[in-house]
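For reference, the chains in residue letters:
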Amino acid sequence: MAFEKNILCIGAGYVGGPTMAMIAYKCPQYRVTAVDINPERINQWNSDQLPIYEPGLDKVVQACRGKNLFFDTDLEQGIKEADIIFVSVNTPTKTFGAGSGMAADLQYWEKTARQIRDYAESPKIVVEKSTLPVKTSLAMERILTNDSDQIYFDVLSNPEFLAEGTAIHDLEEPDRVLIGSHETESGLEARETLVEIYANWVPREKIITTNLWSSELSKLAANAFLAQRISSINAISALCEKTEADVSEVARAIGMDSRVGVKFLRAGVGFGGSCFKKDILNLVYLCRSYGLNEVADYWEGVVRINDYQKDRFVLSMLNAMFNTLAGKKICLFGFAFKADTGDTRESPGIFIARELAEEKAELVITDPEALSNARIDLADLGEQVDYVEDPYEAAEGSHAVAILTEWGLYRDLDYERIYASMVKPAFLFDGRNVADHQRLFEMGFNVFPIGKAPLTHY
Ligand SMILES: NC(=O)c1ccc[n+]([C@@H]2O[C@H](COP(=O)([O-])OP(=O)(O)OC[C@H]3O[C@@H](n4cnc5c(N)ncnc54)[C@H](O)[C@@H]3O)[C@@H](O)[C@H]2O)c1
């Protein structure tokens, strides 16, 4: 069958893989290919063990892989054949040179721009899917057009707003799709081509269009706003713990104001994930580079509160457990940065495990999806950490359990059984406020929620 369009995505990671799978699923008339420099990742995409865990992803991939969805390592061929190229490579925080620890590391992104220029033999639409500093598309255009061949490229910005754990739902029914373009004749035409692709399944009124710079900035700003809400409620949780106010009650009272809204007001052990911190720091760096130091300080505070929240959690464990954790067995329930993903990038669990290890605690980590990543993250801690699939086995003989990920299963465990198997006095630190604290207390646990008074037997 002849396909209407050839769509290529460079970078088959958490964003590129699911996004391309959804386009292929919804648009059988297009041939969709995701390429990656990592052959192992491509092999996994072509196997029954996909490289990432996302509810519903298997079904979507299985429905179209080999029909109109392909995973490959042949970047050159992919570029030659494509009409539209999405760039979805990683843009981590720079760890060297100017802007180290703050600015986005654009080396992977720039490499792809050069590869597109070198291999393309016909005009293309190039779509920035990665999250990038404002004005990056200008640099992209400069690289692409700096050649004697004079092949014409239109550059669009189409940031991805999916959240890990709900990626398939978010892709299937997005709150909005954002497309930024130049407002020239050719820019608007390219924009319409991309609108047409999404319009195969997204209602037109949810596809919004802006200029390039607004689109690039909106992604950074959206993540900054989301993270800010978490830091706001976490900051209030610290005050609740000092004043016997209850953060869940406060959050409910605040969230019922329709101007504020109820979502994303759950206090916890701090946000993680590959994006929030990196994107805020990127925003902070940008603001500073434009001389907007007050704006930069404001957003930097969001990250500072997040670090403070993780610190506070460990200190409260230490404090509650008689100021010594040395030789005590502590079981961490959950290591993924949130429920329904195996991703552990920037997970609070990494920081907390390391701090507890510093205190010479013996750690046992359990998580339904993230244990293989946890093993890699904490490899240097060696025998100080055990990784156990079964939560009952993991908690056996421990002095404390700390819930770090809001997996539904941690709500419904048989805590009587867990309590019976633990060293007494038994402690439970609920870093996600998911357990039934009163019940646990009545069983005998000393319970330490976030942003609420502890329930202790002494
Ligand atoms: N993870 C999320 O939830 C999320 C959500 C929205 C936006 N984003 C943004 O999307 C972008 C990608 O994020 P991700 O989480 O998918 O990253 P990822 O690390 O999972 O995937 C990126 C992939 O790009 C590949 N790659 C790098 N250079 C390449 C090249 N030259 N040619 C081919 N492949 C190459 C890497 O091997 C990797 O597999 C980032 O800018 C991120 O900020 C991520």
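Residues numbered from 1 in each chain as written. Predicted model: local features only at pLDDT ≥ 70, side-chain atom pairs only at ≥ 80, totals over all residues.

Colleague: Tell me about the overall build of the chain, and name the residues and values.
Modeller: Tallying secondary structure elements over the chain gives 17 helices and 14 strands in all. For 458 residues, the compact-globule estimate of 2.2 N^0.38 gives 23 Å, and the C-alpha radius of gyration of the chain, at 24 Å, lies within 12% of that figure. Viewed in the frame of its principal axes, the chain has a C-alpha envelope of about 75 × 50 × 45 Å. Considering only intrachain contacts with a sequence separation of at least 6, the fraction spanning at least 24 residues in the chain is 72%. (Helix = DSSP H or I, 4+ residues; strand = E, 2+ residues; numbered from the N terminus. Rg over C-alpha atoms; globule rule 2.2 N^0.38 Å. Contact = placed C-beta atoms within 7 Å.)

Colleague: Any chance you could break down the domain arrangement of the chain for me, citing the residues and the numbers?
Modeller: Per the domain assignment, the segments making up the chain are domain 1 (5–202) and domain 2 (213–458). Averaged C-alpha coordinates put domain 1 and domain 2 at centres separated by 32 Å. Across the boundary between the two partners, domain 1 contributes 25 residues, which contact 25 residues of domain 2. Those elements that place two or more of their residues in the side of domain 1 that touches domain 2 are helix H6 (136–145) and strand E7 (177–181). Looking at which element gives the most residues to the side of domain 1 that touches domain 2, the answer is E7, with three residues. (Domains from an automatic or database assignment.)

Colleague: Run through the nonpolar core, naming residues and quoting values.
Modeller: Here is a general trend for soluble globular proteins: nonpolar side chains tend to be buried in one another's company. Within the largest apolar cluster, 131 residues are counted, with the highest numbers of intra-cluster contacts made by Ile85, Val126, Leu332 and Ala402. Sorting elements by how many residues they give to this core places helix H12 (residues 293–320) first, with eight residues. Aside from chain neighbours lying at most four places away, what touches Val126 is Ile85, Val87, Ile116, Met140, Leu144, Phe153 and Val155. (Core = buried A, V, L, I, M, F, W, Y, C linked by C-beta atoms within 7 Å. Buried ≥ 20, exposed ≤ 12 C-beta atoms within 10 Å, placed from the backbone.)

Colleague: Could you give me a rundown of the packing of helix H9 (residues 212–243) against helix H11 (residues 276–289), with the residues and numbers involved?
Modeller: The interhelical angle for the contact between H9 and H11, taken along N-to-C directions, is 115°, at an axis separation of 9 Å. Both H9 and H11 take part in a crossing whose hand is left-handed. The residues of H11 that touch H9, namely those facing Leu220, Asn223, Ala224, Leu226 and Ala227, are Phe276, Asp279, Ile280, Asn282 and Leu283. Its residues assigned to classes, the contact of H9 with H11 shows seven nonpolar, two polar and one charged. (Axes fitted to C-alpha atoms, helices over the stretch in contact; angles between N-to-C directions. Left-handed = near helix turned anticlockwise from the far one by under 90°. Nonpolar A, V, L, I, M, F, W, Y, C, P; charged D, E, K, R; others polar.)

Colleague: Give me the sheet that holds strand E14 (residues 446–448): which residues, what numbers.
Modeller: Two orientations exist for strands paired in a sheet by backbone hydrogen bonds: parallel and antiparallel. One open sheet accounts for six strands, arranged E11-E10-E9-E12-E13-E14; its pairing is parallel. The sheet terminates laterally at strand E11 (385–387) and E14, the two strands that pair on one side only. For this sheet, the mean inter-axis angle between neighbouring strands, taken without regard to orientation, is 20°. Note: strand E10 (residues 362–366) against E11, three bridges, orientation parallel. Within E11, the position partnered with Leu363 by the bridge is Val385. Those strands touched by H12 are strand E12 (400–403), strand E13 (427–430) and E14, and its axis lies near 160° from that of E14. Contacting strand E9 (329–333), E10 and E11, helix H13 (residues 348–358) crosses the sheet at an angle of about 160° to E10. (Pairing = 2+ DSSP bridges.)

Colleague: Would you mind going over the environment of Ala370 in detail, with residue names and values included?
Modeller: Of note, Ala370 is situated in the loop between E10 and helix H14 (371–377). For the pair Ala370 and Ala339, spaced 31 residues apart in the sequence, the C-alpha separation amounts to 9.9 Å. Look past the residues within four positions of Ala370 in its chain and what remains in contact with it is Phe335, Ala336, Gly342 and Thr344.

Colleague: Requested: an account of the site of the ligand, with residues and values cited.
Modeller: Gly11, Gly13, Tyr14, Ser130 and Thr131 are the nearest of the 27 residues found near the ligand. Looking at the shell around the ligand, its residues break down into eleven nonpolar, eleven polar and five charged. (Near = placed C-beta within 6 Å.)

Colleague: Mind laying out the environment of Gly444, listing which residues take part and the relevant values?
Modeller: By the element assignment, Gly444 lies in the loop between helix H17 (437–443) and E14. Taking the number of C-beta atoms within 10 Å as the measure of exposure, Gly444 has 15 and is therefore partly exposed. Distance in space between the C-alpha atoms of Gly444 and Ala353 is 25 Å, their sequence separation being 91 residues. Ignoring any residue separated from it by four or fewer positions in sequence, one finds Gly444 in contact with Tyr419 and Ala426.

Colleague: With reference to specific residues and values, describe H9.
Modeller: With 32 residues, H9 extends 47 Å from end C-alpha to end C-alpha; this agrees with the ideal 46 Å at 1.5 Å per step. Glu244 sits one or two residues past H9 and shows a positive phi near 65°. (Expected span 1.5 Å × (residues − 1).)

Colleague: Outline the pairing of E7, listing residues and values.
Modeller: When you tally the buried positions in E7, you get five out of five residues, the bulk of the element. Residues Val177, Ile179 and Ser181 of E7 are buried on one face, and the alternating residues Leu178 and Gly180, pointing to the opposite face, are buried as well. Where E7 meets strand E8 (residues 207–211), five bridges bridge the pair, whose relative direction is parallel. Paired with Leu178 across the bridge in E8 is Ile208. Handedness of the crossover joining E7 and E8 through helix H8 (residues 185–198) is recorded here as right-handed. (Right-handed = clockwise from strand over helix to strand, strands pointing away.)

Colleague: Hey, could you go over the packing of helix H5 (residues 107–119) against H6 for me, with residue numbers and the actual values?
Modeller: Two numbers describe how H5 lies on H6: the axes approach to 8 Å, and their chain directions differ by 35°. Of the two elements, H5 crosses H6, and the hand of that crossing is right-handed. Where H5 abuts H6, its residues Glu110, Ala113, Arg114, Ile116 and Arg117 lie against Met140, Ile143 and Leu144. Of the residues belonging to the contact of H5 with H6, the class tally is five nonpolar, no polar and three charged.

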